[in-house]
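Report on the structure
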Amino acid sequence: MKWLFASVFVFLVLSCSVSAQKYTISGYVKDASTGEVLIGASLYVPKLKVGAVTNTYGFYSLTLGTDSVGLAIRFMGYKPVFKKIDLRKNIELNISLQTLELGEVVITGSKAGENVDKPQMGVIDVPITSIKELPAIFGEKDLFKVLQLLPGVQSGSEGSAGFYVRGGGADENLILLDDAVIYNPYHMAGFFSIFNGDAIKSVDLYKGGFPAEYGGRLSSIIDITMKDGNDQSFHGEGGIGLISSRLMLEGPIVKSKVSFMVSARRTYLDLLIKPFLPAGTEAAYYFYDLNAKVNYIISDKDRVYLSGYMGADVLSTQLTSPGDTTGIGVSWGNKSATARWNHVFSPRLFANTTVIYDDYNFTLNEQVNDLAAKIQSGIQDVGGKIDFDWFPSPLNHVKFGAFYTYSEFIPSLVQGQIGDLGFANEQTKFVHNAATYINDEYTYSEKWSFNIGLRAPYFDYKQTTYFEVEPRFTAKYALDKTTSLKASYAMMYQNIHLLSSTSISLPTDIWIPSSNIVRPEQSQQVSAGIFKNLLDNAFETSAEIYYKKSNNVIEYQPGTDIFFNPDIDNALYFGQGWSYGLELFIKKNVGKFTGWLGYTLSWANLQFDQLNNGEPFPATYDRRHDFSITGIYNFNKNWSFSTVFIYETGSSLTVPLGTYDVPWSNNNGYIQVLDYGSMNQYKLPPYNRLDIGIKYSKQHKKYEDEWRLDIYNAYSRQNPYFVFIDPNYMDANANITKAAAVQISIFPIIPTVSYNFKF
């Protein structure tokens, strides 16, 4: 690890000498009306044909060697600004941009032209506007449902918010909320995500060409940033839906200095079903989310952020009869807290120091008269990191840093008590996880630019240590101002693993760390693509191809009890996987009609020596075709229409090909045995669905409100949720009983009316 720090030091010294005797313009770009910093705003000097982009915290730095320049500042959805600057010394320049008036332009994008200009590929800035505008089941606007509409991202089962990226498993997606890891981001067994769109400022999805600052997963990074809070005036928004209500409040504590944001959401299914429960029965289910953030601008050089999240699902039931009481309580949820300090050491050096706490916990309590039992599983992390952004010249943006996390894994804790007798069986695993990294985004010429990075993760559990090196590389070649070719390579390691018995995200899924038996999973991914923008970035188009090879992929042995097994490491199989495909994307950013079209052609395969006779087989999430189209049309200031259409090839699963009779010696008869062929040889029927949303909004003197009608599955397609084998299925036509595959569908057409407001 010493050689990595030495390389960074030498690189910094050399770059400083090259950029001496120049002056730097630096500062923050923010929204004039809210004070929220703008991520990815572009600053460009036409005379010199150089520029900069604001980082994750809205900070920019531009070092120049001339005494008078014109600086153009742009961010999609905001009025552009042009400033004349006399550059004879370092200048701190904070810039406030005004939003465009409604009717001038309707936008869903945010970072104009960045998809073509920057060398980074395989990254999508998820439009927050679309999360709120697109139709959704039960009226619940869901970030992950929007992610599923993007190329390279495949949904789980019907109605689920779960997703798979470029052939990877569900646990291969790293989900960050203000830098805190969210281990189970789902409510209601995966039907909804925990993220309330009212509290979110930005979402970036990385599915290839990963920057070196990210690591720990093989397939994707979802980096979610909460709103900082309006530091100019008090505002709020919320809504009342079919199953939940929500409210977000934000405003200044000290104007232009200290701001806050707090957001809450809760379902009321428990209240709705209570009148219908039979006598002697108590049952309740609900989930809730609470987000909060405080932003303190100490000075132009120092800012402090405190943010947190808490949410859970709570399920309980109790049956009471004479002499008998049975009660079950289940809860699972996440907690996270982030303390962040931004400091500007110099006009060219920006630092972010973060302390992070996150916790995921699943608990099941059961009591039958005097017998009590408790089952628990979870993870708790405490750690910190420091990241530096260094801008030696307009041609270089260097990021480097390090992080450390101490984790406590509890794969399973089982306790029980009968009267005065009790027992307990606990598995606890303590893990040290660290990494250092350096990444340089370098512009060689108007045609060529590169993103070169190196990450060195370190993992320690019970004196079993893994130290790896992960090279990252992306290159961009500009054919012209609106067209570029890109290629990337990334190596990733994953040291924690999710064991799941289904394709649905359940709270009984458990996380385990790597060990002397369970080696880290590893992937290598190469990708290439062409990116083209049209009509002054009104349209974004791209075509990407990728190939990913994974090693040490995990499957558990058939029949394994993953929750109660004290020796789970020895009950696992280890194999390899590979996936490849083509992704097409067309997005319209401006005008009354906005939206996008995504198509993915892909293959995903696995191979284990102990499974399927050692032969390769399709992964459960192997789908050949995945097509989605979204559209939002604003008729005028009051009425808008939105729609989503999805078509995708069915998932793979293993079903019997037939039956055969086996002699049964006890009664000199035979028993019927199902004949399973190769694994995942059967495809479920194709999935397709049309959703429609109609919105009526009105601006009042002091507030704005809207009514929405969302229609999920508008033509009531009976899509498969799962398929099972019924050995006694009655064939009405032939009037015989036989074994048959039976499809279960759960969501017909579902209309929902909801009410939303802003003030």
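The present account deals with the structure reproduced in this document. Each residue is numbered by its place in its chain's sequence as written, counting from 1. Since the coordinates come from a predicted model, pLDDT governs what is reported: local features require at least 70, and pairs of side-chain atoms require 80 or more to be given and counted, while whole-chain, interface and lining totals use all residues. Only heavy atoms go into the side-chain values, all of them from the structure, while hydrogens and water stay out.

A word on the overall build of the protein chain. A run of DSSP states H or I qualifies as a helix once it reaches four residues; a run of E qualifies as a strand once it reaches two. Both are numbered from the N-terminal end. Looking only at helices and strands, the protein chain features 5 helices and 49 strands. For each residue, the accessible area found with a 1.4 Å probe, counting protein chains only, is set against the maximum for its type, and the residue is called buried under 20%, exposed over 50%, and partly exposed in between. Burial statistics for the protein chain: of 759 residues in total, 53% are counted as buried. Considering only contacts within the protein chain whose residues lie at least 6 apart along the sequence, 63% involve residues at least 24 apart. Accessible area of the protein chain: about 32500 Å², with a carbon and sulfur share of 60%. Only heavy atoms enter the contact rule, under which two residues are in contact if any of them lie within 4.5 Å. Exposure was quantified through the Shrake-Rupley algorithm and a 1.4 Å probe, taking into account, for residues, occlusion by the shown protein chains and nothing else.

Right, let's get into the side chain of Ser642. Within the fold, Ser642 resides in strand β40 (residues 639-648). Polar contacts, as counted here, are pairs of nitrogen or oxygen atoms within 3.5 Å of one another; within protein the pair requires one atom able to donate a hydrogen and one able to accept it, and residues that are adjacent in sequence qualify only if both atoms are side-chain atoms. A distance of 3.0 Å separates a polar side-chain atom of Ser642 from the backbone oxygen of Glu133. If we skip the residues at most four places from it in the chain, Ser642 touches Glu133, Leu134, Pro135, Gly631, Ile632, Asp691, Ile692, Gly693 and Arg708.

Looking now at the sheet that holds strand β2 (residues 42-45). For two strands to pair, DSSP has to find at least two bridges joining them. As summarised here, the arrangement of the 4 strands in space is β3-β2-β5-β6, forming an open sheet in which the pairing is antiparallel. What marks the edges here is a single partner per strand, and that holds for β3 (50-53) and β6 (81-86). Neighbour-to-neighbour, the strand axes of this sheet turn through a mean angle of 20 degrees, independent of strand direction. As paired strands, β2 and β3 are joined by 4 bridges and run antiparallel to one another. Axis geometry follows a simple rule: fit a line to the C-alpha atoms, using only the stretch in contact for helices, then measure angles between N-to-C directions, giving values from 0 to 180 degrees.

Right, let's talk about the pairing of strand β26 (residues 396-418) for a bit. As paired elements, strand β25 (residues 371-393) and β26 share 20 bridges and run antiparallel to each other. Each residue of the ladder has a partner; that of Ile379, found in β26, is Phe409. The antiparallel pairing of β25 with β26 creates a hairpin that spans 2 residues between the two strands. Where β26 folds back on strand β27 (residues 421-443), the antiparallel hairpin that results is connected by 2 residues, among which Gly419 adopts a positive phi of roughly 60 degrees.

Here we have 5 strands laid out as an open sheet, ordered β9-β16-β17-β12-β13, and mixed in their pairing. Where the open sheet ends on each side, the last strands, each with one partner, are β9 (123-125) and β13 (180-181). Looking at chain direction, strand β12 (residues 173-177) and β13 are connected through 2 bridges and run antiparallel. Across the sheet, residue Leu176 finds its bridge partner in β13, namely Val181.

On their own, these measurements won't tell you what the molecule is for.
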